[in-house]
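If you want the building blocks of each chain, they are given just below.
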Amino acid sequence: MFSITEEAEIYVADLFEQQDEKDLGLKVDVEKAGTPVATVTFNFCIKSDLPDTYNEFPFVGFSAFIDESNNQFLSDSHVALKLDGTNKKLTITAPNAKGEAPKDDAPLQEKVLFTIVTEVNPSLASHGGFVDLVEITEKKEVILNFGGGCQGCSSVNMTLKDGVEKQLKGLYPEISAVLDATDHSHKENAYM
């Protein structure tokens, strides 16, 4: 669980007091938990709308709700109130939310996924694109789903695929090929 400063607790309780809704709570989630791009989010929620996997943590003036799957990622976290001029903002320090780089002996899938999240997708994001790892076959073929960017622009998508393939094969020489899951031009590559 996380700790919260007295100032932050008062600030959140005041926010809840301004709401007309009863049974309102603070849902705390970790998006993309365990990855280098993990973020912690705070949202209002209705207690009865939450799945049974959410546990209630009472504070003065409100309750926080955290999914059991996020407990490890929020352990040792600290919520504080940041003053920026006349603006107030909640901040959270969550040292366990982000994952660590896989070790050299980690499975290839774990290493490739980490590289996609930390290097490939941030690079493609500037062009509105991204890739998702679909699977890695027994032949060490990395099958990716290319999204965003220039849909229907096969020459642009092919250039992106070639760039991603070069990057991944440069890091992981055991990869035999990088394939586009949506490529239906050859029956042997039609994965979707």
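Our subject in this report is the structure included herewith. Treat the numbers as computed from the prediction; the structure is a model and nothing was measured.

### Comments concerning the overall build of the protein chain
Line of reasoning, step 1. Scanning the protein chain from N- to C-terminus turns up four helices and ten strands.
Line of reasoning, step 2. The order of α-helices and β-strands along the protein chain, N terminus first, is β-α-β-β-β-β-α-β-β-α-β-β-α-β.
Line of reasoning, step 3. When the 192 residues of the protein chain are sorted by exposure, 37% land in the buried category.
Line of reasoning, step 4. The contacts of the protein chain with a sequence gap of at least 6 include a subset with a gap of at least 24, amounting to 48%.

### A few points about the nonpolar core
Line of reasoning, step 1. Counting residues in each nonpolar core, the largest one holds 22 residues, and the members touching the most others are Phe2, Ile4, Val28, Val30 and Phe62.
Line of reasoning, step 2. Residue assignment for this core shows that the elements contributing at least two residues are strand E1 (2-4), helix H1 (6-17), strand E2 (24-31), strand E5 (62-67) and helix H2 (71-74).
Line of reasoning, step 3. Excluding its chain neighbours within four sequence positions, the residues that come into contact with Ile4 are Glu9, Phe59, Phe62 and Val79.
Line of reasoning, step 4. Counting 16 residues, the second largest nonpolar core, distinct from the first, contains Leu108, Leu168, Ile175 and Val178.

### Brief notes about helix H3 (residues 108-125)
Every α-helix winds through 3.6 residues per turn, so residues three or four apart in the chain are directed the same way.
Line of reasoning, step 1. Between its first and last C-alpha atoms H3 spans 24 Å; for 18 residues at 1.5 Å apiece the expected length is 26 Å, and the two agree.
Line of reasoning, step 2. Maximum bend of H3: about 45 degrees, positioned at Ile116.
Line of reasoning, step 3. Among the residues making up H3, those that are buried are Leu108, Lys111, Val112, Thr115, Ile116, Val117, Val120, Asn121 and Leu124.

### A look at the sheet that holds E1
Line of reasoning, step 1. Pairing within the open sheet is mixed, and its three strands lie in the order E1-E6-E7. Bordering the open sheet on either side are E1 and strand E7 (87-93), each of which pairs with just one other strand. Ignoring strand direction, the axes of neighbouring strands in this sheet form an average angle of 30 degrees.
Line of reasoning, step 2. Note: strand E6 (residues 77-84) against E7, seven bridges, orientation antiparallel. Pairing of Leu81 across the sheet is with Leu90, part of E7.
Line of reasoning, step 3. Sitting on the sheet, H1 is in contact with E1, E6 and E7, with an inclination near 75 degrees to E6.

### So, the environment of Pro51
Line of reasoning, step 1. As for its placement among the helices and strands, Pro51 is situated in the loop between strand E3 (39-46) and strand E4 (54-59).
Line of reasoning, step 2. Taking C-alpha positions, Pro51 is 8.4 Å from Asp67, a pair spaced 16 residues apart along the chain.

### A word on H1
Line of reasoning, step 1. A rise of 1.5 Å per residue sets the reference length of H1, with its twelve residues, at 16 Å; its end C-alpha atoms lie 16 Å apart and thus fit the reference within 8%.
Line of reasoning, step 2. Buried within H1 we find Ala8, Glu9, Val12, Ala13 and Phe16. Here the buried residues of H1 occupy an arc of 130 degrees about the axis, which is enough to place them on one side. With respect to the buried face of H1, the exposed residues turned more than 90 degrees away are Glu6, Glu7 and Glu17.

### With respect to the sheet that holds E3
Line of reasoning, step 1. On the basis of which strands lie adjacent, the open sheet formed by four strands has the order E3-E2-E5-E4 and mixed pairing. The open sheet has two free edges, formed respectively by E3 and E4, since each of these has just one partner strand. Each strand axis lies, on average, 30 degrees off the axis of its neighbour in the sheet, ignoring direction.
Line of reasoning, step 2. As paired elements, E2 and E5 share three bridges and run parallel to each other. Along E5, the bridge assignment pairs Lys27 with Phe65.

### Describing unusual backbone geometry
Excluding glycine, a negative phi dihedral is what most residues carry, and trans is how most peptide bonds are arranged.
Line of reasoning, step 1. Within the chain, Lys32 stands out as a residue other than glycine whose phi angle is a positive 55 degrees.
Line of reasoning, step 2. Considering the arrangement of structural elements, one finds Lys32 in the loop between E2 and E3.
Line of reasoning, step 3. Unusually for a residue other than glycine, Asp76 sits at a positive phi of about 65 degrees.
Line of reasoning, step 4. Inspection of the secondary structure assignment puts Asp76 in the loop between H2 and E6.

What counts, and at which threshold
- Residues numbered from 1 in each chain as written.
- Predicted model: local features only at pLDDT ≥ 70, side-chain atom pairs only at ≥ 80, totals over all residues.
- Heavy atoms only, no water.
- Helix = DSSP H or I, 4+ residues; strand = E, 2+ residues; numbered from the N terminus.
- Buried < 20%, exposed > 50% of the residue type's maximum accessible area, 1.4 Å probe, protein only.
- Contact = heavy atoms within 4.5 Å.
- Core = buried A, V, L, I, M, F, W, Y, C linked by side-chain atoms within 4.5 Å.
- Expected span 1.5 Å × (residues − 1).
- Bend = angle between axes of the 7 residues up to and from the residue.
- Pairing = 2+ DSSP bridges.
- Axes fitted to C-alpha atoms, helices over the stretch in contact; angles between N-to-C directions.
- Arc of directions from axis to C-beta.

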